[in-house]
Structure formats: C-alpha cells, structure tokens
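Coordinate analysis (summary)
Listed below, chain by chain, are the residues.
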Amino acid sequence: MQTVLRCIDCGKSYPSDQAFVTCPACGGLLDVEHDLDALRGAVSHELFDQRLGSWDRLDRSGVWRYRELVLPDLPAETYVTRGEGNTTLYDATPRLGDYAGVRKLQLKHEGENPTGSFKDRGMAGGVTQARRVGAHSVICASTGNTSASMASYAAISGLQALVLFPEGYVSLGKIAQSVAYGATNVQVHGDFDDTLAIVRAAAESLPVYLLNSINPFRLEGQKTIIIEMLHQRGWRVPDWIVVPGGNLGNSSAFGKALMELKTLGLIDRMPRLAIVQAEGANPLYRSFVDGSATLTPVKAQTIATAIRIGNPASFAKAWRTLEWTDGVVTEVSDQAIMDAKAQVDAAGIGCEPASAASVAGVRRLVDEGVIAPGDEVVGILTGHVLKDPDAVLKYHSKALDGLTSTFANTMHTIPASLDALKALIPA
Ligand code: F0G
C-alpha cells in the first residue's frame, strides 16, 4: 500500500516521508494521497467497530482508530497520541434546536479533546510526521488553539515548540496553555496573517518543522472529526455538516474525508457542507458570493479571535470541498455569534465564540431557506467554553462594546446575610 504526497496545483508526487509541507516544485498545497484501491479491502465498518472494544493505545485514539485513512503503515511506537478524539455527538436540546431552527440538530464537541480543541486531532497527525522525519523543533503561528495543542503534543514527544501569536488577539485560556506546556512563546506586532507569513518564511530557513494546517498531515488527523462522527451515527449521512471557517483547514479536511469515504463505499452519499465565517473575517464568503475561485484577502476583525483570519492558507482546498459537497458559505455577525454561544452554553454544552458560528450559521441558513427545518444537521463545535472566559464574563455583564447581551445571565452580589439572599430569591 503506497501513500504519497501530491501537489494539488502541479500534480507532482513525492514519497510521504518528506519534511517539506508545500510542493518544492511550485509552492502549491500538498495532499496526502492514499492508495484507495488497496484500502478498499483493508478497511470496513466492522474493523472500526472491533477497535472500539480494545484498550490498545492506537485503537483507543479517535484519530488512530482510523489509521489506514490517516497515516498507515508506521511502526506502532512512531504514532503520537494523547487519546484525542472520542468526542461527544450531542443531540441538541429542543430549545437549542428551536433557536437554530431545525428539529434534528446534533453538535459534535471537539472542545472535549485533551487540550480543548479539534487541533489535537491534527497534531496527532502532524507531530507523528515530525517525529517520522526526525524533527527536533516545531513551529506554528496561531490564534491560540493550534499553539496550545502543538505545545502539548511537542512536549509529550520530546520536541521543542516555537509559537508565534498576533499580539493582543489571543484569548487568555489559550496563551496560558502554551506557556504552561513549555513552548517558546513570541508575540508579534501584527495580525494572524502577518504572523503566519513570518512562520512560513522561518520554516524555509531554520531547522524547524511547520505545523500550521498547510501541513497536510494535520489535515489527515482532522479528517477523523468526520469519520468518527459518521461512525457514531452508524454511518448514516446527515443532510448537512456545518463548520466555522478561519484558515480553512477543517473545511479542507472535511471534503477530503467525505470524498475518500464515499470512494471506499464506507458511506453511500455525500452530505452538503456549510462553512460559516465571521462577517469581519469573510474572504471565502466573498468569493462564494462572487462565484470566484480566487482569494482576495481582507483585513480581519471579529470577537471570535480564533477565526480572525483574512488570508486563509487552505483556500484552494476549501474551494475544492465546496465543489465536492455542493457546499455553501455564509457569514454571521459578532452579535449572532455571541447570542448563539449564549444558547449553546445555556444548554449545558458550552463552547468558545468561534464554535458558536456553526449554530449561528445554521440559524441564518434556515432563515434563508437553504437548510430546511426538517433536515438532519450536524454542527461542529471546535473549542471548549473555558478557552475564552473573558468573552463569557463580558457578555453576561453587558460589557461588550457595540454588542447587546441578549441572553445575559447577570451575577448578583449580596452582603453576607440570609435575609439578603432571601430578598434576592423569594420563597
Ligand atoms: N474554531 C476554532 C476554535 C479555532 O481555533 C479555529 C482555528 C477555527 C475554528 C477555524 O478553523 O482554521 O480550520 O478554518 N484556529 C487556528 C489556530 C487558526 O491558530 O488555533 P480553520
């Protein structure tokens, strides 16, 4: 069975054990291309079911359970895992379903990963490849989740992590993780797009392995969000999958996962993908509306700092996903994001602002008649509620500039007396 790297632009292919992450010939994005003919006999629903009953560290991982579809044929000890994946697929409460406007809404909570975001699936893939190519140091630019995850996965693998952040636009929970896990942390005077440009240049000239989502092994890991979700649904395909879009790594990974599953006969039809961007960080949405496969970068601004990205690195792969899945792109305001977040949080599920773009996006697409109220919809929640406590507390104390705290749950303060409590909560 032969897995190769293939450039999506010039088509050149390379052995998969290489340390470069973009095409050395033309600079294009690379795919990890699996030998699907050979895989057809090697993977089955039964194989994946069997592994659910095993304590083997690879079978227990929600990434490596599906290793044939991710990064096959490595010695068992090469695979890096923190037991990532295995995240809950929630049935939304009726109230949350009403808010979103659909009767059958499920939410896959990727915030339940070891470092609190879906990035752990990508890092299982990317850090495994880093070890395979003999890297000692790994680097990324990040709005906070990639860095938290890379710092952790590097530490458990004995690699040095170098993280660059856009100064002032990374939430507290995420910075704290990267500092705690022992990465070298650098704040850059610039936004995420500026920071990623520096990191890409650094990876060309320094002995560091690049772990942003242009790294195709990251995307192989992130495919398992979709594979695991379909496994959880008994391989029943929903009508829609809805995901927030920033740098567009997930959107790219999802399209590839669905295409491969369909080709292998593991699913019988393609769902439609809806990608949701913040209004102030919407370059894919603009291209979609124009019907133009070219990217025009924007200067990004949104309260959902995780997706404050104006020049998404995986644009070309995301565009391909839209074609493969008859996909759509929508945009939502910061107000819609924070109100949807308050609803997801109050349902007891909780997520960070960028994740709530999924639910806000479902609501908008139902309003527009794109998603029907009776459609089966799976939304992806990408990060944990504790990632951005600042946004939570400011929303509920009505302290967000320019936004209305529609569903505020205000905090009370009383003197230390039972009478004061009784005055607040009458019998
Ligand atoms: N949701 C969260 C919580 C994220 O952290 C990100 C991206 C996205 C959605 C967007 O995903 O880039 O695959 O379209 N965070 C990156 C980071 C950029 O550095 O942590 P995407």
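Here we summarise the structure given alongside this text. (Residues numbered from 1 in each chain as written. Predicted model: local features only at pLDDT ≥ 70, side-chain atom pairs only at ≥ 80, totals over all residues. Heavy atoms only, no water.)

1. Topic: the sheet that holds strand β7 (residues 160–166)
Pairing between sheet strands relies on hydrogen bonds along the backbone, with the strands arranged either parallel or antiparallel. Read across the open sheet, the four strands follow the order β8-β7-β6-β9; overall the sheet is parallel. On the outer flanks of this sheet lie β8 (184–188) and β9 (209–210), each paired with one strand and no other. Bridge count between strand β6 (residues 137–141) and β7: five bridges; the pairing is parallel. What sits directly across from I139, in β7, is L162. (Pairing = 2+ DSSP bridges. Helix = DSSP H or I, 4+ residues; strand = E, 2+ residues; numbered from the N terminus.)

2. Quick notes on the packing of aromatic side chains
Given two aromatic rings, one states the distance between the centres and the angle between the planes to describe the pair. One pass over the structure, following the stated rule, counts six aromatic pairs. Taking 6.2 Å as the distance between ring centres and 35° as the angle between the ring planes, the aromatic pair formed by F48 and W235 counts as tilted. In this pair, F48 sits in helix α2 (residues 45–52) while W235 sits in the loop between α9 (216–232) and β10 (240–244), placing the two residues 187 residues apart along the sequence. By relative accessible area, which is 0% here, F48 ends up buried. The interplanar angle of 20° and the centroid separation of 5.8 Å between the aromatic rings of F315 and W319 together place this pair among those described as stacked. With F315 and W319 both in helix α12 (residues 315–325), this residue pair falls four residues apart, about one helical turn. (Phe/Tyr/Trp six-rings, centres within 6.5 Å; stacked < 30°, edge-to-face > 60°. Buried < 20%, exposed > 50% of the residue type's maximum accessible area, 1.4 Å probe, protein only.)

3. Observations regarding the state of the cysteines
Applying the stated criterion across every chain, the model contains zero disulfides. Just so you know, C7 is unpaired, no disulfide at all, and the nearest cysteine sulfur is the one on C26, 3.5 Å from it. Accessibility expressed as a relative area gives 41% for C26, which makes it partly exposed. (Disulfide = S-S within 2.5 Å.)

4. Let's talk about the environment of L264
Summarising the element assignment, L264 is placed in the loop between α10 (249–263) and β11 (272–278). Residues within four places of L264 in sequence aside, it is in contact with L36, L39, R40, V43 and L69. (Contact = heavy atoms within 4.5 Å.)

5. Re the sheet that holds strand β3 (residues 30–33)
An order of β2-β1-β3 is seen for the three strands of this open sheet, with the pairing classed as antiparallel. Each edge of the open sheet carries a strand with a single partner, namely β2 (13–15) and β3. Sheet twist, expressed as the mean angle between neighbouring strand axes with direction ignored, is 30°. (Axes fitted to C-alpha atoms, helices over the stretch in contact; angles between N-to-C directions.)

6. Looking at the packing of helix α13 (residues 334–346) against helix α15 (residues 389–396)
Where α13 meets α15, the axes come as close as 11 Å, and the angle between the chain directions of the two elements is 95°. The orientation of α13 relative to α15 falls into the category roughly perpendicular. Residues M338, D339, K341 and A342 of α13 lie in contact with α15, whose contacting residues are A391, V392 and Y395. For the contact of α13 with α15, the residue count by class is five nonpolar, no polar and two charged. (Parallel < 35°, antiparallel > 145°, perpendicular 65-115°, else oblique. Nonpolar A, V, L, I, M, F, W, Y, C, P; charged D, E, K, R; others polar.)

7. Comments concerning the pairing of strand β1 (residues 4–7)
Pairing of β1 with β2, which is carried by three bridges, proceeds in the antiparallel orientation. Bridged to V4 within β2 is P15. Linking β1 to β2, which pair antiparallel, is a turn of five residues; within it G11 sits at a positive phi near 80°. Note that β1 and β3 share four bridges and pair antiparallel. Considered in β3, the bridge of L5 is made with V32.

8. Some thoughts on the layout of surface pockets
Take a probe with the size of a water molecule and roll it over the atoms, and the empty space left behind shows itself. A volume near 300 Å³ is recorded for the largest pocket. Along the walls of the largest pocket sit 16 residues, with I303, D390, A391, K394 and L400 positioned nearest its centre. In terms of residue count, the dominant contributor to the lining of the largest pocket is α15 (three residues). Here the lining of the largest pocket is built from residues that sort into six nonpolar, five polar and five charged. (1 Å grid on protein atoms, 1.4 Å probe; cavity = no way out; pocket = protein on both sides within 12 Å on 5 of 7 lines; lining within 4 Å. Points joined across faces, edges and corners; volume = space filled by probe spheres on them.)

9. A short note on α10
The first and last C-alpha atoms of α10 sit 21 Å apart over 15 residues, in line with the 21 Å expected at 1.5 Å per residue. Counting buried positions along α10 yields 12 of 15 residues, so the element is predominantly enclosed. Among the residues of α10, G249, N250, S251, S252, A253, F254, G255, K256, A257, L258, E260 and L261 are the ones counted as buried. G265 occupies a position one or two residues after α10 and carries a positive phi of about 75°. (Expected span 1.5 Å × (residues − 1).)

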